[in-house]
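Survey of secondary and tertiary structure
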Amino acid sequence: MSFSPALLSLDAVGRRFESGTEALRGVSLTIAAGDFVTLLGPSGCGKSTLLRLLAGLDRPDHGQLSWQGAAPAPGEIGFVFQDPTLLPWASAAENVYLPLRLRGVARAAAMPRVAAALASVGLAGFAQARPAQLSGGMRMRVSIARALLTRPKLLLMDEPFAALDEFTRHKLQADLLAWWQEAGCTIVFVTHSIYEAAFLARRIVLMSPRPGRIADDIAVDLPAGPARRLDPAYATLVAAITRRLEETLDPAAAPA
Ligand code: ADP
Ligand code: MG
């Protein structure tokens, strides 16, 4: 259990789209400041919808979302998608600078911060490289550097590593844990990989198929970092989540 103060809470949140699709129903969740929460569930269960609500890009039509204290200022919420969404004609440095440029920060003032952000994600020598000259993993590093540049309180990540090969993904997962600890931010990370959820999380929120509801909420009390993958308790956790996920997919399989 975490005793950190709450960052934000959802109370009985529902979202039904104009098309009639009910994406979320009765979602109540309090996210603690500084936590690393993975949202795990099958495709179409409303994970991206929930992230968009947390980001303020969409509004619930039932229930409430409330921030502890002041609502976040621009830049206090970062978003990273599966697609790194980089400008193809611009260098890595220009891509990372973009959010500051949009906020009117002069290039000369921003560049030291941009260089530091690129260095912190292991791309110190690649500031002038264009996206096409970078590997998929490096492009994702640029995307994460851009999101961290504004020092967000809350970093929302929507299947950021889903398109990467397994070796690159393992490396980025381990690096992300280090960046999270360094940044001291809160991360909500969406995935449909049980292994990824179990490796990264301090807390796993398991969602049921549509309409998305919270099927389980698992506190993970294992050390964070590469050693976790080899810990027998990690394998036990993966097995427990697999069983719970199968129960949510097939309620008849749930024990009475
Ligand atoms: P996930 O990210 O878990 O795969 P989504 O949150 O993207 O799921 O979508 C949940 C459900 O809501 C899906 O059935 C999807 O087709 C539907 N949906 C998502 N966005 C919209 C939208 N803007 N309008 C109508 N239906 C939508
Ligand atoms: Mg999604």
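The shown structure was predicted, so the numbers you read here are calculated from the model rather than taken from an experiment.

**Re the overall build of the protein**
- Check the secondary structure of the protein and you find seven helices and nine strands.
- Taken over the C-alpha trace, the protein has a radius of gyration of 19 Å; the compact-globule value for 256 residues is 18 Å, and the two agree within 12%.
- Summarising its shape, the C-alpha atoms of the protein cover approximately 65 × 40 × 35 Å along the three principal directions.
- Expressed as a percentage of the 256 residues in the protein, the buried residues total 47%.

**Brief notes about the sheet that holds strand β8 (residues 203-207)**
- Across the sheet, six strands lie side by side as β5-β6-β7-β3-β8-β9; this open sheet has mixed pairing. Of all the strands in the sheet, the pair left with one neighbour each is β5 (77-81) and β9 (214-219). Across the sheet, the mean angle from the axis of one strand to that of its neighbour is 15 degrees, orientation sign disregarded.
- Looking at chain direction, strand β6 (residues 154-158) and strand β7 (residues 186-191) are connected through five bridges and run parallel. Bridge pairing links L155 to I187 in β7.
- Sheet contacts for helix α1 (residues 47-55): β3 (36-40), β5, β6, β7 and β8; angle to β6, the most-contacted strand, approximately 155 degrees.

**Overview of helix α7 (residues 232-249)**
- Between the first and last C-alpha of α7 there are 26 Å, a value that for 18 residues agrees with the 26 Å anticipated at 1.5 Å per step.
- Those residues of α7 that fall on the buried side of the exposure criterion are Y234, L237, V238, I241, L245, E247 and T248.
- Where α7 is buried, its residues contact β3, α6 (194-200), β8 and β9.
- The residue sitting at the N-terminus of α7 and contributing the capping side-chain oxygen is D231; that oxygen lies 2.9 Å from the backbone nitrogen of A233.

**Description of the nonpolar core**
- Within the largest apolar cluster, 54 residues are counted, with the highest numbers of intra-cluster contacts made by L118, I187, I204 and I241.
- The leading source of residues in this core is helix α4 (residues 136-149), at eight residues.
- Residue contributions to this core reach at least three from each of two domains, namely domain 1 (31-58 + 68-72 + 155-256) and domain 2 (85-152).
- In this view, L118 contacts A92, A93, V96, L123, A124, A127, V142 and A145; residues no more than four positions away in its chain are not counted.

**Describing the site of ligand 1**
- Surveying the vicinity of ligand 1 reveals 13 residues, the closest of which are G44, G46, K47, S48 and T49.
- At a separation of 2.7 Å, an oxygen atom of ligand 1 approaches a polar backbone atom of G44.
- Within the backbone of C45, an N or O atom sits 3.1 Å from an oxygen atom of ligand 1.
- Protein contact buries 62% of the 560 Å² of open area that ligand 1 shows by itself.
- Here the shell around ligand 1 gets three residues from one element, more than from any other, and that element is α1.
- Within the shell around ligand 1, the residues separate by chemical class into four nonpolar, seven polar and two charged.

**Digging into the side chain of S193**
- Tracing the backbone shows S193 in the loop between β7 and α6.
- From its side chain, S193 meets the backbone nitrogen of Y195 in a polar contact 3.4 Å long.
- Filtering out sequence-adjacent residues up to four positions away, S193 remains in contact with L40 and R169.

**Observations concerning the pattern of salt bridges**
- For the structure shown, the criterion picks out 13 salt bridges.
- For the salt bridge of R15 with D61, the shortest nitrogen-to-oxygen distance reads 3.2 Å. Here the residue R15 occupies a position in strand β1 (residues 6-16), and D61 occupies one in the loop between α1 and β4 (62-67), the gap between them amounting to 46 residues.
- Here D61 falls in the partly exposed class, since its relative accessible area comes to 38%.
- Residue R107 is joined to E94 by a salt bridge in which the shortest nitrogen-to-oxygen separation is 2.9 Å.

**Thoughts on the sheet that holds strand β2 (residues 22-32)**
- As summarised here, the arrangement of the three strands in space is β2-β1-β4, forming an open sheet in which the pairing is antiparallel. Whereas interior strands pair on both sides, the edge strands pair on one side only; in this sheet they are β2 and β4. With strand direction ignored, the average angle separating the axes of adjacent strands in the sheet is 15 degrees.
- Taken together, the seven bridges between β1 and β2 define a ladder with antiparallel strand orientation. Across the sheet, S9 pairs through a bridge with T30, a residue of β2.
- Along the sheet face, α1 touches β1, β2 and β4 and points at about 55 degrees away from the line of β2.

Conventions used here
Residues numbered from 1 in each chain as written. Chains lettered and ligands numbered in written order. Predicted model: local features only at pLDDT ≥ 70, side-chain atom pairs only at ≥ 80, totals over all residues. Heavy atoms only, no water. Helix = DSSP H or I, 4+ residues; strand = E, 2+ residues; numbered from the N terminus. Rg over C-alpha atoms; globule rule 2.2 N^0.38 Å. Buried < 20%, exposed > 50% of the residue type's maximum accessible area, 1.4 Å probe, protein only. Pairing = 2+ DSSP bridges. Axes fitted to C-alpha atoms, helices over the stretch in contact; angles between N-to-C directions. Contact = heavy atoms within 4.5 Å. Expected span 1.5 Å × (residues − 1). Polar contact = N/O pair within 3.5 Å; in protein donor to acceptor, adjacent residues only side chain to side chain. Core = buried A, V, L, I, M, F, W, Y, C linked by side-chain atoms within 4.5 Å. Domains from an automatic or database assignment. Near = heavy atom within 4 Å. Areas by Shrake-Rupley, 256 points an atom, 1.4 Å probe, with all protein chains shown as cover. Nonpolar A, V, L, I, M, F, W, Y, C, P; charged D, E, K, R; others polar. Salt bridge = Lys/Arg side-chain N within 4 Å of Asp/Glu carboxyl O.

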